[in-house]
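Report on the structure
Residues per chain are reported as follows:
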Amino acid sequence: MKKSFLYSAGLLLLLGAAACKKDNYTAPGTDFTGHITYQGEPIGVQQGNGNVYFELWQSGYGKLTPINVYIAQDGSFSAKLYDGTYRMDFPTGQGPYLPPGGHYGDTTTITLSGSKSQDFEVMPYYMIRNAKFAFSAADSSITATFSLDTIVKDPALVKGIEKVYLLENAQVISDLQYNVAATSVDGGSLTSLQNFNMKIKVPASQYQGHTAAFARIGVKIAGVDDMLYSQAEKINL
Amino acid sequence: MKKLAYILIGGALCWSACKSDADFLQHSPSNILTDDQVWAHSDLVLSVLADLYDRYPDYNTQSNNATAQSLENWAEFANFDEAFPSEAGQYYRVQNANLDYFYPQLGYSNGPYSTYWDYNYLRDLNLFISKDSSATIGQGDRTRYMAEARFLRAAVYFEEAKRVGGVPIITAPMTYDYSGDPTYLQHPRNKESEVYDFVISELEAIKDSLPNDLNDRSRASKGAALAMECRAALYAGSIAKFGATKAAAMLPGGETGIPASMADGYYQKALKAAQELIGLNTYSLYTKKSDDLSDNFASVFTDKSSPETIFAKDYKLKSGKVEGWTLSNSPRTSQEEQQGGRLNPSLNLVAIFEKLDNTFAPPAITNTDGTPKLYDKPQDIFAGRDARLEGTVIVPGASFKGFTTDILAGWVRPDGSIVSGTKFGDTKDIDGKGEREVVGVDGPLDGIELATQTGFFIRKYMDPSVGSGRIGTQSEVWWIRFRYAEVLLNAAEAAFELGQPAVAADYLSQVRARAGFKTPLTAADVTFDRIVHERKVELAFEGHEFYDMKRWRIADVVWNGQKMTATDVVSDLSNAKRINTQVYGLWPYRYFSPGTANDGKWLYKVVKPSRVTEAHNFRMGNYYSAISQDILNNNPKIVKNPNQ
């Protein structure tokens, strides 16, 4: 009796061990990281699921479904993948930019064997240049100075500016959805895109338990969902 | 002798066995009917048609899986600004900013990510229609059945175009030849305008083969064909007119978007179809209870003898086909089970109902000096407004099924401090002046499911009959797909867009007179904003808002992802483009001042339910729903929709 119990226990153990070995895949272990850039400068976007992404396609494994790689606030991305060959595609209308050639449909082939870092050049409609933020303790306000450069100049593709925002948040993730204070200027009222000044009051709630705030500039481009952002800058209160 | 008998019996057995062998495999099946048998009997064909009717695309399969707004799917009405979902599992509807690109997607039973794309149903309809020449049933029945199937097919194409734009138009059943090459079955998408043209021409072709009467509103009639034609033409017209304002939603091949030059043609078709329907004189606005206009408006939806209903999805008690709208949404005071109160209309909606002098004003909660305005009765704040308000929404103090609702958020002391409670019908002894009820039996209680969290309950489609709130009985109130008032509003919009504001004013005023407005609108009053407003208040909770906002191309302006303030909710009420991203409520309080005349009077506060955390964000990619990757993989000729 005891013997048969031992045998069956041993058999079960053996089966269990064998099963584990057979049917589990290893987790994807290759890191694919990089930035979305224009002339080497990362493009700031709103981060979060359902916001800005590009697609990676891998063929040869049954049904074709893209892997959506989401872009973080500072323009970086990272994905855990298997080694192999992928095609990278910018979906139409995603992001405050056009693919490098200005038209959609061109894919880039990426071969992964071991972790890799790669930047992708795009053509943003605008670039936020020389963004400087200054905090004034006297009237507890943040002043932003910046210029906007028009990058897409082709008359068929050019888009106007709908609104320019100055946003302020207690945490580094700051965008039109997550902010404590925001102020905006209508695109129509802009006379020049150079040396802009925008000012925002830091709300009183920021002074309770916070030593710093984060400020960021956002540009809503007419007819484009995703806004263009500057990098979020930390401001000591 | 005995031997001979055995031989004879054996031989007979063999002989009989051989004889029946020939028919052995020739039994006709007793559990299915063949095509030929069905198509020889009118009744059998009708039962095939009944199945096709049942698959009409206003809702899809089980309520838990479908995302279409319908009586079986109350929570879908809480996706935008019309209402708040007071059920813990549905709070996500007010906590996600971005709208999924697949919205309105099907449920998981149809594959996780797919919008409405039902070529199985279309194939069955095409098979049905292809029997026209071979059927041996009587000519009269056959003509009507074929017209009905073509009506349903037009409905499917219209519903698909509403969601994804142009789709492949398939009008004959396709069959695979097992050659290993399926490319001849793959069709590219037609232009969006071609789908609308197809729908309009089909309905135009069949309308005279359908009966023109009120006998059976769950089957297609001439009125239903005209109503659908009118709606489809209006949609196409507005997509053509406003499409250019959102160029990012247009595909170069015309699969989405319609050239602006076609707008007038569609508006003319819409107006013509509407006027033909009006000219039939079969339908009219419901006015049976003209002594109480709010009750009259509520009865439009529950009275099945209403001359206003053109085409409906019908239900019947004790038949297995019942709906649970009243069960889901009954206020606690009148509920028949331990549940209800789920769908809470928003202040955003309530505030836009006009005053009876044709002006807009939010509910007055403060006096001019900033002090709270006190009312003798809770309903007084809504007095003198559009009768449709109380026909659509159960406001504090209104009654349902003979029970007066008990909606009370707390007592306000003269210094502004509030005494409230934490449970339904909570009582407290305030300042030693005696026990008082501090929370109504119906709520409002923030974050407590099945209580009202906005201060309102839904009235539209609520069944006042006993048993409608019982799980075992439920309701047979029907879901109206087309009704006469919508046709009038369609006609008004088409006339306005064609530069005939006086005609538009007349149609609008007919609808408004039924709602209690004494002063008709003049031609100068009719604007785009006015038309948008009228549709929002007349057709709230009828599944129109999302598609209307899309076709006017203002969805991305109204649901722009930016948070609202309590001031935004009640300002700029007549503006069609006012931001409407978060649901607000209006809670009733009572004034605590024992011994004075003001004790127990009612005052109101604007509140945002704490479960509302995000602002609805409609993106360019939402103007046309995403086509599932499976469909794209199976048919490489299908092009993707923009911005996805």
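Residues numbered from 1 in each chain as written. Chains lettered and ligands numbered in written order. Predicted model: local features only at pLDDT ≥ 70, side-chain atom pairs only at ≥ 80, totals over all residues. Heavy atoms only, no water.

Per an unreviewed UniProt entry, the recorded name for chain B is RagB/SusD family nutrient uptake outer membrane protein, and the organism is Chitinophaga parva. The UniProt entry for chain B carries the following text under Subcellular location (unreviewed entry): "Cell outer membrane". Per its UniProt entry, chain B bears the Sequence similarities (unreviewed entry) comment "Belongs to the SusD family." (UniProt positions renumbered as here; feature names shortened; annotations may be inferred.)

For chain A, the name recorded in an unreviewed UniProt entry is DUF3823 domain-containing protein, with Chitinophaga parva as its organism.

Along the backbone of chain B there are 19 helices and 14 strands. A compact globule built from 644 residues should have a C-alpha radius of gyration of about 26 Å, and chain B, at 29 Å, falls within 12% of that. Scored against the burial criterion, the 644 residues of chain B give a buried share of 57%. Taking all contacts inside chain B whose residues are at least 6 apart in sequence as the whole, residues at least 24 apart take part in 71%. Carbon and sulfur atoms provide 52% of the accessible area of chain B, an area that totals close to 25,200 Å². Computing the positive centroid from 69 side-chain charges and the negative centroid from 80, chain B places the two 1 Å apart. (Helix = DSSP H or I, 4+ residues; strand = E, 2+ residues; numbered from the N terminus. Rg over C-alpha atoms; globule rule 2.2 N^0.38 Å. Buried < 20%, exposed > 50% of the residue type's maximum accessible area, 1.4 Å probe, protein only. Contact = heavy atoms within 4.5 Å. Areas by Shrake-Rupley, 256 points an atom, 1.4 Å probe, with all protein chains shown as cover. Lys, Arg positive; Asp, Glu negative; His and termini not counted. Charge placed at Lys NZ, Arg CZ, Asp CG, Glu CD.)

This part covers the pairing of strand E2 (residues 309-313) of chain B. All names here are of chain B. Of all five residues that make up E2, five are buried, and the element is covered over most of its length. With four bridges joining them, E2 and strand E12 (residues 479-483) adopt antiparallel strand pairing. Bridge pairing in E12 places Thr309 opposite Arg483. (Pairing = 2+ DSSP bridges.)

Quick look at the domain arrangement of chain A now. Residues and elements named next belong to chain A. Taken as a whole, chain A is organised into domain 1 (30-123) and domain 2 (125-236). Between the C-alpha centres of domain 1 and domain 2 the distance comes to 25 Å. In terms of surface lost to domain 2, no three residues of domain 1 exceed Gln46, Gln73 and Pro96, which account for 35% of the buried area on that side. Applying the counting criterion to the domain 1 and domain 2 interface returns one salt bridge. At the boundary of domain 1 with domain 2, the tally comes to ten residue pairs in polar contact (both at pLDDT 80 or more). Broken down by secondary-structure element, the contributors of at least two residues to the side of domain 1 that touches domain 2 are strand E2 (41-42) and strand E7 (97-98). Across the side of domain 1 that touches domain 2, the residue classes break down as nine nonpolar, nine polar and two charged. (Domains from an automatic or database assignment. Buried area = accessible area lost by both parts, 1.4 Å probe. Salt bridge = Lys/Arg side-chain N within 4 Å of Asp/Glu carboxyl O. Polar contact = N/O pair within 3.5 Å; in protein donor to acceptor, adjacent residues only side chain to side chain. Nonpolar A, V, L, I, M, F, W, Y, C, P; charged D, E, K, R; others polar.)

Time to look at the nonpolar core. Nonpolar side chains tend to gather and get buried jointly when the protein is soluble and globular. All names here are of chain B. Grouped together as the largest cluster of nonpolar side chains are 112 residues, with contacts concentrated most on Phe128, Phe151 and Tyr196. With 14 residues, the single largest contributor to this core is helix H7 (residues 222-242). Among all residues touching Phe128, those that are not within four sequence positions of it are Trp39, Val45, Val48, Leu49, Leu52, Tyr145, Met146 and Ala149. In this structure, Phe77, Phe382, Phe541 and Tyr584 belong to the second largest nonpolar core, which totals 58 residues. (Core = buried A, V, L, I, M, F, W, Y, C linked by side-chain atoms within 4.5 Å.)

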